[in-house]
Amino acid sequence: MCDAGDSIEYAYLWSRNSPPSSTFIRQWEAECEGRLRFSELRNMFALSDCWSWTTRMMSGGMRFSKSGLLRRSLCSVGDAKAMYVRFAGMLLDPPPKVVRSLQRIAADSNADVVQVDYPWMVRFPRCLPRTTPRVFVVHELQSSIIQQLYPGDAEMLRIARRLEVETLREYDAVITLCDEDAQVLTHEHGLQNVVVSPLAIQGITAESTSTEEFELRTPLRFTFLGGHSHSPNADAVRWLHTEIAPLIFQDMPDAIIRIVGSYPQSFQQDLASDRFQFAGFVDDVDAELRGSIFLCPLRIGSGMRIKILDAIRAGVVVLSTTLGARGLGLRDEQDVLLCDSAGAFAAKAKTLSADAIRYSRIAQNARRRVGERFSAEVVGQVRHQLLNEVVERFRQLQRA
């Protein structure tokens, strides 16, 4: 097995329209103590159009015609289910231009391991020669989301599972971000190459202080973090506006709710008011969240809710559905307040807003808990060991 001094060169596939940021690269270099390094940044021209197409499509309601790489016209497609069917079909047969581009990159790469993220990329590594192990990171179980969005729709679920299970079998390792998702893939879908390795949260360490005092703002502010392009966020904001906010405003007439993230003007026009505000993108998320009560009324999704960990890093107490806090190892009433109804959100928000000592205590507990589980030092060690094992196992099979 590779020893602690070995370096693994890590080829991360991305699109030209969304390359990894310098912050992202520095984060991973720090997490792996210099032992994990990125290969040369590469413009993956053939993937850029694919990324653009899929992000528009998955945001829902797209009417978009794209020539060039995909050569598909979706102008007549307005139904999200129909788009998902076409999307799935395209992924199962990568266009020749994508294949040629990936093969050129593979020929120039000295990477020991290739990592791929996000479902619309899942089939691309099959174009690469089998000289390098492949790792896929499952941020969310697409089959779980489809099942929640379209309960009882067997065809949609079949397509989602086909993408998720059959294609993941082609990888040497599949990384999930939480134990719950790993159990679904292992026990329900029969995958044997699944391991758990969460994402790291920047700006918090395993030694994060638990004595810092955290205070609520005046006037009282509630916050939510996450953009409209991810459908669980849009659903959460609508539920927050329709059922939760009226109860909060009734009990706390001076309170405001701030939604941080990108939302279409049409969506904002339906919901925005003086007390229900859309902040859009902000330069300093921690500053926007600090001193608020964070609401996470997610009813759809899987994986890690990074928004909750970001709020905890900022010293904010989180009120979340059980689903929203799933997989994070947070303890109800100690690190987080769990609420699975509009009434519970309002009642716990009112009680918490009147108890500054309890607010600070929960914020302290949560920061300590998150630092112990999701700091860069802890996550980096796990990920580096995992990649070493994948590389060594692959090399042994090649020698056999």
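Note that the structure is a prediction, hence the values are computed from the model and not measured.

**Here we look at the sheet that holds strand S14 (residues 337-338)**
On the basis of which strands lie adjacent, the open sheet formed by six strands has the order S11-S10-S9-S12-S13-S14 and parallel pairing. Strands at the two margins of the open sheet, each flanked by one partner only, are strand S11 (276-280) and S14. With four bridges connecting them, strand S10 (residues 256-260) and S11 associate as parallel partners. Bridge assignment links isoleucine 259 to a residue of S11, and that residue is phenylalanine 278. Relative to the sheet, helix H13 (residues 356-374) contacts strand S12 (293-296), strand S13 (317-320) and S14, its axis offset from that of S13 by approximately 85°.

**Examining unusual backbone geometry**
Of note, the amide linkage connecting threonine 218 to proline 219 takes the cis form, showing an omega dihedral of 0°. Counting through the fold element by element, proline 219 comes out in the loop between strand S8 (194-196) and strand S9 (221-225).

**Quick look at the environment of tryptophan 239**
Summarising the element assignment, tryptophan 239 is placed in helix H8 (residues 231-251). Assessed through its relative accessible area of 8%, tryptophan 239 is described here as buried. Along the sequence, tryptophan 239 and proline 297 sit 58 residues apart, while their C-alpha atoms lie 7.4 Å from each other.

**Some words on the pairing of S10**
For S10, a buried count of five out of five residues is recorded, marking the element as mostly surrounded by other parts of the structure. Because side chains alternate across S10, one face comprises the buried residues Ile256, Arg258 and Val260, and the other comprises Ile257 and Ile259, equally buried. With five bridges connecting them, S9 and S10 associate as parallel partners. Opposite phenylalanine 222, over in S10, you have isoleucine 257 as the bridge partner. Handedness of the crossover joining S9 and S10 through H8 is recorded here as right-handed. Handedness of the crossover joining S10 and S11 through helix H9 (residues 265-271): right-handed.

The rules we used
- Position numbers for residues start from 1 in each chain and track the written sequence from start to end.
- With pLDDT at 70 or above as the cut-off, local features in this predicted model cover only qualifying residues; side-chain atom pairs require 80 or more to be listed or tallied, and sums for whole chains, interfaces and linings still use all residues.
- Remark: hydrogens and water are excluded; side-chain values derive from all non-hydrogen atoms of the structure.
- Two strands qualify as a pair provided that DSSP identifies no fewer than 2 bridges between them.
- Numbering goes from the N terminus for both helices and strands, where a helix is a DSSP run of H or I of at least four residues and a strand is a run of E of at least two.
- Here a residue-residue contact requires only that any non-hydrogen atoms of the pair lie within 4.5 Å.
- Comment: axis = line fitted to C-alpha atoms, over the contacting stretch for helices; angle = value between 0 and 180 degrees taken between N-to-C directions.
- Using a 1.4 Å probe on the protein chains alone, a residue whose accessible area is under 20% of its type maximum counts as buried, one over 50% counts as exposed, and one in between counts as partly exposed.
- Here is how to tell: hold the view so the strands point away, follow the path from the first strand over the helix to the second, and if it runs clockwise the crossover is right-handed.

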